[in-house]
Structure formats: C-alpha cells, structure tokens
Amino acid sequence: MTNYLDFGLIPVLVIDKPSCAKGVGEALLAAGLPVVEITLRTESSWESYQHLRKIPGLCVGVGSITSVAEMKKTIELGADFAVSPGLLPEIAEFAINAKLPYHPGVATPSEITRGLSLGLKVLKFFPAESLGGIKTLNSMSAPFKDLRLIPTGGIDLKLLPDYLQSKKVAAVGGSWMVPQGLVDQGEYEKINQLTLQAVATVRQIKEAQDAKN
C-alpha cells in the first residue's frame, strides 16, 4: 500500500455537515489524491469521519487532537494517521504504543527535539506561514538530520512549490483544496478541480527533481 505521505499533499478538512463528507472524499479520490485529514473542529467531526471511513481506497486521518481521550477514540476508530496542533508527550505515547503514525505540531527547535526524542520522525510545522514560512522551516530544521516536516497553515497553491522543493518537507497540509465554504455547499466539482491543480503541481515538481537527479 502506498504511504499517504508519498502524495505530497494532505487536504485538511473542516466540515459542519456530515452529509457532505462522502462527496468530498470521492472528489479527492477522483482527482488522484486518496488522503484526507478530518479535523476535530466541529461537533459533527466524528460523524463525518465515519462517512469518510466507508469510502474504499481513501486514507483517513484525524486532526486537531488535543487530548488523550480524543487520541484514544482516534485509535479505537481505526484512523490511518493522527495530527495535533501541538506536542504533548502523554498524547504522543498513546499513538506510539498503538503504532499509529502521528504528527504533532512543532514551532521551535526545542519542540522538534522533544518530538524526535519520542521517536517521532515526521512532525507538523504549524502554523507555517505565520511562523515565517519556508525560510523559517529550512533554517530551523537544518540541525536535525532525520527530521521531516508537514508544513500546514496559510499555504496555498501559489506557495506549494516553495515548500515541496525542500528536502525537509514530507508533505504539505492545507485547506485550500477543501475550503469550508465549498464543502458545506456541496460544491464537489470545484473541490475536484482545486485538487487536480494541486496534484498536477506536485507531479511537475517531482518530475523536475527527478530530471535533476
């Protein structure tokens, strides 16, 4: 099975209407991006997760995890990966013990060091653009040989190439492919088109990198 990070993109989904989840998931799949992070930012997030989970071939992660209870539920429901806005060792330990891929958010070298000391090799750089973007990411990650990051926060299609060209970036997280307005309105074709553009950009960057190598 392909690693979800190999796609270079993780759509970050905020959804109020569980009835829209299936359409969004299918739009992502149709665009060649079989991965999504459903965030726990709305009351209906868990119900939406259940709808996404039923879509064959879709890799579903749970994001915005801020408590041990939420991590326990994420594990119990069989998520493919988990994401948090920050790093708390007690939450991380549950994911590690369950062998669940986990990407807590970091914003400083101290937090990176703490995450690596727990055995986590792929961390979320959040909020990426507010922290100084790709320039900060490259500078801050330079001392850490085995580190890879998932920058998330304020990134769009225009900024995507700058991040993906960094060897420290495992994948880029973003909501521009699945903006909440389009999600709640059921505009699945528009979501599909936005995702197709992003997937095409990733492909172009990878082809250019392969040509250099």
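Residues numbered from 1 in each chain as written. Predicted model: local features only at pLDDT ≥ 70, side-chain atom pairs only at ≥ 80, totals over all residues. Heavy atoms only, no water.

### Side note on the packing of helix α3 (residues 68-76) against helix α4 (residues 89-97)
Two numbers describe how α3 lies on α4: the axes approach to 9 Å, and their chain directions differ by 15°. Relative to α4, α3 is oriented roughly parallel. When the axes of α3 and α4 are compared, the crossing they make is right-handed. Of α4, the residues touching α3 (which contributes Val68, Met71, Lys72 and Ile75) are Glu90, Ile91, Phe94 and Ala95. (Axes fitted to C-alpha atoms, helices over the stretch in contact; angles between N-to-C directions. Helix = DSSP H or I, 4+ residues; strand = E, 2+ residues; numbered from the N terminus. Parallel < 35°, antiparallel > 145°, perpendicular 65-115°, else oblique. Left-handed = near helix turned anticlockwise from the far one by under 90°. Contact = heavy atoms within 4.5 Å.)

### Some points on the sheet that holds strand β5 (residues 102-106)
Spatial ordering of the open sheet is given by β7-β6-β5-β4-β3-β2-β1-β8, a layout of 8 strands whose pairing is parallel. One side of each edge strand has no neighbouring strand; the edge strands of this open sheet are β7 (148-151) and β8 (172-174). Shown here is a sheet whose adjacent strand axes are inclined to one another by a mean of 30°, direction ignored. Relative to strand β4 (residues 81-84), strand β3 (residues 59-63) is paired through 2 bridges, and the arrangement is parallel. Each residue of the ladder has a partner; that of valine 62, found in β4, is alanine 82. The strands that helix α6 (residues 133-141) touches are β6 (122-125) and β7; relative to β6, the one it contacts most, it runs at about 145°. (Pairing = 2+ DSSP bridges.)

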